[in-house]
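Reading the structure
Given next are the chains, with one letter for each unit.
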Amino acid sequence: MSAIIEIKELTKYYGSRKAVANLDLTVEEGEIFGFVGPNGAGKTSTIRIMATLLQSSKGDILVAGNSVRTNPRGVRSAIGYMPDYFGVYNDMLVWEYLDFFAACYKIPPSARSGLINDLLELVDLGHRKDDPVEGLSRGMKQRLSIARTLIHDPQVLILDEPASGLDPRARVEIRGLMVQLSEMGKTIFFSTHILADVAEICNSVGIIEAGELVASGSLEELQKVLVPQQEIQLTLLSKGEEAEALLKAMPGVSEVQVLNGNNAEGRVRLTFGFSGDDSAISGILAALVGAGIPVLHFNSDTRDMEEVFMRATKGLVS
Amino acid sequence: MTDITGTPVLEEKRTAKPSLWQRIAQNPVVLKELRGRMRGGRAFILLTIYLILASAVVALVFLGFYASSTNNVYSSANVRQALGKTVFFSVAGMELLMICFIAPALTAGAISSERERQTYDLLRTTLLSARSLVFGKLISSLSFLWLLLFAAVPLLSLAYLFGGIAIEEVFIALLILFVSSIFFSAVGIFYSSFMRRTLAPTVLAYATAIIIVFGIPILILMTLGLFSNAFAYPNTPYNRVLELVMFAGGWLLITVNPLGTGLVTELVLMNNQSIFYTNISLPNGGNFLVISPWMPFTVFYLVFSVILVVLSVHFVRRVEQ
């Protein structure tokens, strides 16, 4: 895979305030990249520069090889941009909305009708084709907005908080659509506060705070670096002491604790810290079972995105 | 056809550059704006109200002549011609007022309303150029204005029933109206191109129209009133220079005011029987051949319009810093 988005030493000042500070980031083609950060971190500024709506103070962004500084038109033809608000044209029908933007992208009139029908089917709005845009629900407007970003078949979708303000069902639908688009070969760069969405669908994550990139990489990489140790809970039917001794002898295991000792039923609950990958965790379970220890439950606390985010950020505001 | 290695290559299809009409018809903003403007009953209600008002003005003029004439209005050629002229200038004057007040309403929010609706960023990230956006807004506004102007042409033609109007007067009146519509539309779009909210460009566009259409004539009359005594004094070099300066300044102000241009062009036509020039004799001496104001008016207004449109494109093209 090659890099389709390259952010190089991107800096943005608003007066004396530094909104984005020397940001370096690369997104590979076909990835779903989640850009995460608190309010005022610089996410929207970065995205607006990438969408050629804002000039950087220093640095550059290359999208599909086109510089936002020297070839903004090339960037616009390679991207589909969806801001965190839905601009409404009064008295416009759903198909007219897409037809207008298709014309803005110089798609010939003969090709528009079929294209619009296909896009509306993709975002599940085919049944609302002749309805006024302003009458759609928020979730439908977001889906229509995504259809608009696809009208010229761009390589990259830039979505600023696509799930913001949506009900849970609409969020799930948008997520599903983003995964579907990624499977179609699109690269998706989106900003969000919703960490669950990032954990669910992203290949790579970038965490920005006070204008600086504090962490980036795949979720697994971030988890290993920022939350190196996870807690594993074990419930055994018996043989608690044997299990404790076996665990203490294993590499990567620390802080083995017996929570309740032998209770009336003979069950034992243990916790221990472990800094290893999933296959090593699986090996621990296999070793316990192989030693004849009756394991009833084996749970690892997921090093979730929230934990990663809290470890990466300091609560600073730019 | 083959390349240098003998491999067949596809010949590129030569596509002709689209004509001006095709470019206008294919401008997405023009199509969108016209669809929205003509949808529903709004446009037709506005057109109907406008034509009712124009018809009422013509009816009032006719009734006024009928009531004040001692003879049957149809029996006197002079009265008929005077009626024809009055009808013509009343309708033309009303159309000019319509342009001054409707053009700002149509265009002052052209670009700023896109910012208010939060659709401006969506447009700027497409392949729609700043020039296409500005021209699209201008053309769609002008289309509606010209629809209103053309709709009133039958009323203007009533003047022919009574006589007193030459075909040159009709052409010049329509030219002044069309050029004014272009200019006042360009003014609205210019203000809209660099302001975020619609209220400020609307106020500025109306203020500009009022100053140009009404303020300039008031200024001319006030100046004439203030300096009228100068022309009563004996012929002195000071008075001659002052007279010349005032004459040149006055002529310039007339040529940037559509009302003044129309009136003075009519005077020139009546006195000199020419639509191109006239001789002016100043009270303190000096005889000048001056061109009829409709020509410099047309040039000035079209040049100003081009400048305003170019500036509008520049502002729209600017990337936020």
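Before reading on, note that the structure itself is shown above.
Bringing the layout of surface pockets into the picture now. By volume, the largest pocket amounts to about 960 Å³. If you trace the largest pocket, you find 33 residues lining it, with B:Arg23, B:Ile24, B:Asn27, B:Ser132 and B:Phe135 closest to the centre. Those elements giving two or more residues to the lining of the largest pocket turn out to be helix 3 (94-104) and helix 4 (109-122) of chain A together with helix 1 (20-26), helix 7 (130-151) and helix 13 (294-317) of chain B. With 8 residues, helix 7 of chain B is the largest single contributor of residues to the lining of the largest pocket. Looking at the lining of the largest pocket residue by residue, the class counts come to 22 nonpolar, 6 polar and 5 charged.

Residue and element names in this part refer to chain A. Pairing in this open sheet of 6 strands is mixed, and the strands run 6-7-8-3-9-10 from one edge to the other. At either margin of the open sheet sits one strand with a lone partner, and together these are strand 6 (79-82) and strand 10 (212-218). For this sheet the average axis-to-axis angle between neighbouring strands, irrespective of direction, equals 15°. Relative to strand 9 (residues 204-209), strand 3 (residues 32-36) runs parallel, the two being bridged by 4 bridges. What sits directly across from Phe-35, in strand 9, is Gly-206. Against the sheet, helix 6 (residues 168-183) engages strand 3, strand 7 (156-160) and strand 8 (187-192), with an angle of about 155° to strand 8.

With that settled, consider the interface of chain B and chain A. Contacts between the two partners involve 21 residues from chain B, matched on the other side by 30 residues from chain A. When the buried surface of chain B facing chain A is broken down by residue, B:Leu122, B:Thr125 and B:Leu127 rank first, second and third, together holding 27% of it. On the surface where chain B and chain A come into contact, there are 4 salt bridges. Between A:Glu96 and B:Arg39 there is a salt bridge, with its nearest N and O atoms 2.4 Å apart. Counting every contact that joins chain B to chain A gives 11 residue pairs in polar contact (both at pLDDT 80 or more). Going through the elements one at a time, helix 2 (28-38) and helix 6 (120-124) of chain B are the ones with two or more residues in the side of chain B that touches chain A. Across the side of chain B that touches chain A, the residue classes break down as 7 nonpolar, 5 polar and 9 charged.

A word on the packing of helix 4 (residues 77-107) of chain B against helix 7 of chain B. All names here are of chain B. Here helix 4 crosses helix 7 at 155°, and the two axes come no closer than 10 Å. Compared by their axis directions, helix 4 and helix 7 come out roughly antiparallel. Crossing handedness for the pair helix 4 and helix 7: right-handed. Here helix 4 contributes Glu-95, Met-98, Ile-99, Ile-102, Ala-103, Leu-106 and Thr-107 to the contact with helix 7, which in turn contributes Ser-141, Phe-144, Leu-145, Leu-148 and Leu-149. Taken together, the residues of the contact of helix 4 with helix 7 sort by class into 9 nonpolar, 2 polar and 1 charged.

Let us look at the environment of B:Glu33. Residue and element names in this part refer to chain B. In this fold, Glu-33 is placed in helix 2. Along the chain, Glu-33 and Pro-293 lie 260 residues apart, while their C-alpha atoms are 35 Å from each other. Discounting residues that sit within four places of it in the chain, Glu-33 has contacts with Glu-114, Lys-137 and Ser-140.

As enumerated under the stated definition, the model contains 20 salt bridges over all chains in all. Between A:Asp197 and A:Arg175 there is a salt bridge; the shortest N-O distance is 2.5 Å. With A:Asp197 in helix 7 (residues 195-201) and A:Arg175 in helix 6, this pair connects stretches of sequence that are 22 residues apart. In this structure, A:Asp197 and A:Arg175 share a single accessibility class: buried. Here the residues in one salt-bridge network are B:Lys32, B:Glu33, B:Arg37, B:Glu114, B:Arg117 and B:Lys137, joined through shared partners.

The end-to-end C-alpha distance of helix 13 of chain B is 34 Å, a good match for the 34 Å that 24 residues give at a rise of 1.5 Å each. Every buried residue of helix 13 of chain B is listed here: B:Trp294, B:Pro296, B:Phe297, B:Thr298, B:Tyr301, B:Ser305, B:Leu308, B:Val309, B:Ser312, B:Val313, B:Phe315 and B:Val316.

Another point: the packing of helix 5 (residues 138-149) of chain A against helix 6 of chain A. In a packed pair of helices, the relevant descriptors are the angle between the two axes and the axis-to-axis distance. Residues and elements named next belong to chain A. Axis separation between helix 5 and helix 6 bottoms out at 10 Å; the angle between their running directions is 15°. The angle between the axes of helix 5 and helix 6 places the two elements in the roughly parallel class. In this structure, helix 5 crosses over helix 6, and the sense of that crossing is right-handed. Side by side, helix 5 and helix 6 meet where Gly-139, Gln-142, Arg-143 and Ile-146 of the first sit next to Ala-170, Glu-173, Ile-174, Leu-177 and Leu-181 of the second. For the contact of helix 5 with helix 6, the class distribution of residues is 5 nonpolar, 2 polar and 2 charged.

In terms of nonpolar packing, the biggest core is built from 136 residues, with A:Tyr97, A:Leu144, A:Val205, A:Ile207 and B:Phe184 touching the most fellow members. By residue number, the principal contributor to this core is helix 9 (residues 167-194) of chain B, which donates 15 residues. If sequence neighbours within four positions are ignored, A:Tyr97 has contacts with A:Phe86, A:Gly87, A:Tyr89, A:Met92, A:Val133, A:Leu144, A:Arg148 and B:Leu122. In terms of nonpolar packing, the next biggest core, distinct from the first, is built from 29 residues, A:Leu23, A:Val27, A:Leu54 and A:Ile79 among them.

Let's shift gears to the packing of aromatic side chains. Enumeration according to the criterion identifies 24 aromatic pairs over all chains in this entry. With a centroid separation of 5.7 Å and an interplanar angle of 25°, the aromatic rings of A:Phe86 and A:Tyr97 are classed as stacked. Within this pair, whereas A:Phe86 is found in the loop between strand 6 and helix 3, its partner A:Tyr97 is found in helix 3, the two being separated by 11 residues in sequence. Take A:Phe86: its relative accessible area is 15%, and that puts it in the buried class. Its relative accessible area of 0% is what places A:Tyr97 among the buried residues. Ring centres of B:Phe183 and B:Tyr301 lie 4.4 Å apart, and the angle between their planes is 35°; this geometry places the pair in the tilted category. In this pair, B:Phe183 sits in helix 9 while B:Tyr301 sits in helix 13, placing the two residues 118 residues apart along the sequence.

Attention shifts here to empty space enclosed by the protein. All chains considered together, the criterion is met by 1 cavity of 30 Å³ or more. Considered as a void within the structure, the largest cavity measures approximately 50 Å³ in volume. For the largest cavity, the full set of lining residues is A:Met92, A:Glu96, A:Asp99, A:Phe100, A:Ala103, A:Arg112, B:Pro28, B:Leu31, B:Lys32 and B:Arg35. Taken together, the elements giving at least two residues each to the lining of the largest cavity come down to helix 3 of chain A together with helix 2 of chain B. Taken together, the residues of the lining of the largest cavity sort by class into 5 nonpolar, no polar and 5 charged.

Procedures and definitions
- Each chain has its residues counted from 1, running along the sequence as written.
- Numbering of ligands from 1 and lettering of chains from A proceed in the order in which they are written.
- Restriction of local features to residues with pLDDT of at least 70 applies here, the model being predicted, together with a cutoff of 80 or more for giving and counting side-chain atom pairs; totals for whole chains, interfaces and linings are based on all residues.
- The basis for every side-chain value is the complete set of non-hydrogen atoms in the structure, without hydrogens or water.
- Definitions used for this entry: grid spacing 1 Å over protein atoms alone; cavity, a set of points where a 1.4 Å probe fits but cannot get out; pocket, an open set with protein on both sides within 12 Å along at least 5 of 7 lines; lining residue, one with an atom within 4 Å of a point.
- Grid points are joined across faces, edges and corners, and a volume is the space filled by probe spheres set on the points.
- Under the scheme used here, helices are H or I runs from DSSP no shorter than 4 residues and strands are E runs no shorter than 2 residues, and both carry numbers assigned from the N terminus.
- Gly falls in the polar group here, along with every residue not listed as nonpolar (Ala, Val, Leu, Ile, Met, Phe, Trp, Tyr, Cys, Pro) or charged (Asp, Glu, Lys, Arg).
- Strands qualify as paired when DSSP identifies two bridges or more between them.
- Each axis is a line fitted through C-alpha atoms, and for a helix only the stretch in contact is used; angles between axes span 0 to 180 degrees, taken between their N-to-C directions.
- Residues count as neighbours in contact if any of their non-hydrogen atoms are within 4.5 Å of one another.
- By buried area we mean the combined loss of accessible area, with a 1.4 Å probe, across both parts when two parts are placed together.
- The rule for a salt bridge is simple: a side-chain nitrogen of Lys or Arg has to be within 4 Å of a carboxyl oxygen of Asp or Glu.
- Distance and chemistry together define a polar contact, namely a pair of N or O atoms within 3.5 Å, with one atom able to donate a hydrogen and the other to accept it when in protein, and with adjacent residues in sequence counting only for side-chain atoms on both sides.
- By the definition adopted for this analysis, an angle is roughly parallel if under 35 degrees, roughly antiparallel if over 145, roughly perpendicular if from 65 to 115, and oblique otherwise.
- Crossing handedness is defined as follows: a turn of the near helix away from the far one that is anticlockwise and smaller than a right angle gives a left-handed crossing, while the clockwise case is right-handed.
- Each residue gets one of three labels from its accessible area relative to the maximum for its type: buried under 20%, exposed over 50%, partly exposed in between, using a 1.4 Å probe on protein chains only.
- Here the expected length of a helix is defined as 1.5 Å per residue gap, with one fewer gap than residues.
- What makes a nonpolar core is a set of buried Ala, Val, Leu, Ile, Met, Phe, Trp, Tyr and Cys residues whose side-chain atoms join them at distances within 4.5 Å.
- Stacked, edge-to-face and tilted labels apply to pairs of Phe, Tyr and Trp rings (six-membered ring for Trp) whose centres lie within 6.5 Å, assigned for plane angles under 30 degrees, over 60, and everything in between, in that order.

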